[in-house]
Amino acid sequence: MSTLVSLLLLAGVLGFAVARPRGLPEAVAAVPAAVIAVVAGLVPWPDAWREIRGLGPTVGFLAAVLLLAHLADRAGVFRWAGALAARSSRGSPTRLLGLVFAIAAVVTAVLSLDATVVLLTPVVFATAARLRIRPKPHVYACSHLANSASILLPVSNLTNLLAMGAGGLSFPQFAGLMAAPWLAVVAVEFAILRWFFAGDLRVRRATEPAELEPAPRYALVVLGVTLAGFVVAGPLGVHPAWVAALGAIALGVRQKGLTPRSVLAAANPWFCLFVFGLGIVVLAAGRSGFGRLIDRLAPHHSGILGLLAMAGLAAVLANLLNNLPATLMLLPLAAHNTGLVLAVLLGANIGPNLTYVGSLATLLWRQILHRRGEPPVTGEFLRLGALTVPACLLVGVAALWLSLRVSGA
Amino acid sequence: MWLADDTWEACVDAAREQGGEITLLYVVDSDTMAALSGRAGLLGRNWPGSPARGGPPAAGDPPEPGGELLAEAAESVLTAAERRLDRQCRRVTRWGRPEREVVAACADADLLVLARDGDRLALGPRSLGHATRFVVDHAPCSVLLVWP
């Protein structure tokens, strides 16, 4: 009975978040569902409180990094990156694709996947259209890398932040172990997209060299310092949320026309509230029979097959539910082993490319754009996902296994 | 005449020599639209009022940045092509899968002008992409295929 209720609550919360009736914020369903879960005794109050306390810094970081990306956008960082890519491409669609890959991989890693989906993708589209290059491969590159390149740093994806807490990893350790999988996955994505869209990448354009606007130096320096801050913050016992907040303040003080209202809107408080609600609802589902089923399915050893099974399970759950609840559900089962924690992340971060159901970015995208009509998932989309996701998972897990062996973790 | 982002100039030049009434067609690709809008709905379900099904976003809907970007790009290509053609012509923008939309748009046409997807420098790879091949196969009228 409690299994049924907790799964119904979870389904209701996720369904509401995707459908967004009348454009209401996701939290409108998630918060009452969390209250029901606690009142009905599915989650004891102390456990719920511990969950909220545990999620607090992570959600604070989410808000700060959203704000940081928004201010970087206002400072012209993405526009400048687009113009740089346009000039360096010299009219070659393939070269432009390579540049877009580099930019999207870095933006995703440093400013989180949401910056790539929401802020970088439109710039990339406009850049390709201006060069009169077919924009499709480049736009796909952004939307794919927003997921699959979000495995490098703890700050790249909310799932990683949740895992860093659970796995007891420091920032440099995390980045060190994930560097090889990140490079391998990005390389595989590039090879597959280049082959898949070969027909769209054939025509070179003669371009007149466009003049490049001056680089937004101050903003780039602040972003660089913030990144360095993430690395040193851990050993100093400072949560990265503070570093991101300081970075956002440093960017914000130099900008005109910022109002408290626009700052608050960029930090997306409704969405943050949603994450708290979701955390408690997932906790209820994890304590139920469904959670025990997942527990039985989850591997407990971090050999290469165990890693692969865990990544696969996470990918399936991410597509069934959404990558955030999938991560919340699997992390407690993997927390005893660093390798398994990172395998969960590979699955939960790369997996959403398969169906495009899941991942935080969907929810955030809708939240920001307030849209009602969504284009359908097209066959091409699914074919590309079916090609890239298994390949990326295999290569990513193999690279992770090697990293773990080399580092002796 | 079907105008793609990258090869439309050659089509315009070929069409100028043909005479008759000229229609410039640009198709906004629903796949690009899907990729541009991040994820696109739960397990492939279509959402009511989906812009990819019928036409551009319905009037009264809040304009979505993705749709605006695509519409702007379409306008920019059509305007540039009209200027290059320098003749009276009709402009049509359709939203959907390019190959299907082009074939449907040719229902009343006598001749379709379209460009290959490659160049003559490399003989190896095919010069007709998937969409172009479909159009050449299924167009209900004569087809003039030009090199870009």
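Not measured: the values here are computed from a predicted model.

Peer 1: What is the right way to look at the overall build of chain A in this model?
Peer 2: Broken down by element type, chain A carries 19 helices and 0 strands. Taken over C-alpha atoms, the radius of gyration comes to 21 Å for chain A, in line with the 22 Å a tight globule of 409 residues would show. By its C-alpha atoms, chain A is 65 × 50 × 45 Å across when sized along the principal axes. The proportion of buried residues among the 409 residues of chain A is 58%. Taking the intrachain contacts of chain A between residues at least 6 apart in sequence as the baseline, contacts between residues at least 24 apart amount to 84%.

Peer 1: Looking at this structure, I do not really get the overall build of chain B. What am I missing?
Peer 2: When its secondary structure is counted, chain B shows 5 helices and 4 strands. Secondary structure of chain B in N-to-C order comes out as α-β-α-α-β-α-β-α-β. For chain B, buried positions account for 43% of its 148 residues. By sequence separation, contacts in chain B at least 24 residues apart represent 69% of the contacts at least 6 residues apart.

Peer 1: Whenever I open this one, the packing of helix α5 (residues 93-111) of chain A against helix α6 (residues 113-130) of chain A confuses me. Can you help?
Peer 2: To describe two helices that pack against each other, one gives the angle between their axes and the distance between the axes. Residue and element names in this part refer to chain A. Running from N to C, α5 and α6 cross one another at 160°; their axes reach a closest spacing of 9 Å. When the axis of α5 is compared with that of α6, the two are roughly antiparallel. Seen along the crossing, α5 lies across α6 with a hand that is right-handed. Residues L96, V100, I103, A104, V107, T108 and L111 of α5 form the contact with α6, whose own contacting residues are L113, A115, T116, L120, V124 and A128. Among the residues making up the contact of α5 with α6, the classes are represented as 11 nonpolar, 2 polar and no charged.

Peer 1: What am I meant to see in the confidence of the model for chain A here?
Peer 2: When pLDDT drops low, the exact placement of atoms in the prediction is not to be read closely. Per-residue confidence for chain A gives a mean pLDDT of 82; residues scoring 70 or more make up 90%. Taken as a whole, residues 363-376 of chain A scores under 50 in pLDDT and shows 46 contacts with residues more than four places along the chain or in a different chain.

Peer 1: Help me understand the nonpolar core, please; the structure alone is not making it clear to me.
Peer 2: Within soluble globular proteins, side chains that are nonpolar generally end up buried alongside one another. Residue and element names in this part refer to chain A. L68, V100, A104, V281, A314 and V344 are the most contacted members of the largest nonpolar core, which has 181 residues in total. If one sorts the elements of this core by residue count, helix α3 (residues 45-74) sits on top with 14 residues. Residues within four places of A314 in sequence aside, it is in contact with A326, L330, V344, G347, A348 and G351.

Peer 1: Mind showing me how you'd approach unusual backbone geometry here?
Peer 2: In most cases, non-glycine residues show a negative phi, while peptide bonds are predominantly trans. All names here are of chain A. Phi is positive for S112, which is not a glycine, with a value near 80°. Checked against the element boundaries, S112 lands in the loop between α5 and α6. Not every positive phi belongs to a glycine, and R132 is a case in point at roughly 60°. The topology assignment puts R132 in the loop between α6 and α7 (136-148).

Peer 1: Could you clarify how one ought to interpret the pairing of strand β3 (residues 111-115) of chain B in this entry?
Peer 2: For a regular strand, side-chain orientation follows a simple rule: the groups alternate between the two sheet faces. All names here are of chain B. Summarising burial for β3: 4 of the 5 residues are buried, a large majority. The pairing of β3 with strand β4 (residues 142-146) spans 5 bridges and is classified as parallel. When the bridges of β4 are listed, A115 appears paired with V146.

Peer 1: Before we go on, may I ask you to explain the environment of A:L7 in this structure?
Peer 2: All names here are of chain A. Here L7 shows up in helix α1 (residues 2-19). On the neighbour-count criterion, L7 (16 C-beta atoms within 10 Å) is partly exposed. Taking C-alpha positions, L7 is 22 Å from L24, a pair spaced 17 residues apart along the chain. Dropping the residues within four chain positions of it, L7 is found in contact with A285, S288 and F290.

Peer 1: Can you walk me through α3(A) in this structure?
Peer 2: Since the α-helix packs 3.6 residues into each turn, any two residues three or four apart lie on the same face. All names here are of chain A. A rise of 1.5 Å per residue sets the reference length of α3, with its 30 residues, at 44 Å; its end C-alpha atoms lie 42 Å apart and thus fit the reference within 8%. Most pronounced at G56, the bend in α3 amounts to some 40°, and the proline P57 follows within four residues. Once α3 ends, the next one or two residues include G76, with phi positive near 90°.

Peer 1: Sorry, what's going on with the environment of A:A149 here?
Peer 2: Residue and element names in this part refer to chain A. Position of A149 relative to the elements: it lies in the loop between α7 and α8 (158-167). Through-space distance from the C-alpha of A149 to that of T108 is 6.3 Å; in sequence the pair is 41 residues apart. Residues in contact with A149, not counting those within four places in the same chain, are A104, A105, T108, A109, W182 and V186.

Peer 1: What exactly am I supposed to notice about the pairing of strand β1 (residues 23-29) of chain B here?
Peer 2: Residue and element names in this part refer to chain B. With 6 of 7 residues buried, β1 is to be regarded as a mostly interior element. Relative to strand β2 (residues 90-96), β1 runs parallel, the two sharing 7 bridges. Bridge pairing in β2 places D29 opposite G96.

Criteria and thresholds
Residues numbered from 1 in each chain as written. Chains lettered and ligands numbered in written order. Predicted model: local features only at pLDDT ≥ 70, side-chain atom pairs only at ≥ 80, totals over all residues. Helix = DSSP H or I, 4+ residues; strand = E, 2+ residues; numbered from the N terminus. Rg over C-alpha atoms; globule rule 2.2 N^0.38 Å. Buried ≥ 20, exposed ≤ 12 C-beta atoms within 10 Å, placed from the backbone. Contact = placed C-beta atoms within 7 Å. Axes fitted to C-alpha atoms, helices over the stretch in contact; angles between N-to-C directions. Parallel < 35°, antiparallel > 145°, perpendicular 65-115°, else oblique. Left-handed = near helix turned anticlockwise from the far one by under 90°. Nonpolar A, V, L, I, M, F, W, Y, C, P; charged D, E, K, R; others polar. pLDDT = per-residue confidence, 0-100. Core = buried A, V, L, I, M, F, W, Y, C linked by C-beta atoms within 7 Å. Pairing = 2+ DSSP bridges. Expected span 1.5 Å × (residues − 1). Bend = angle between axes of the 7 residues up to and from the residue.

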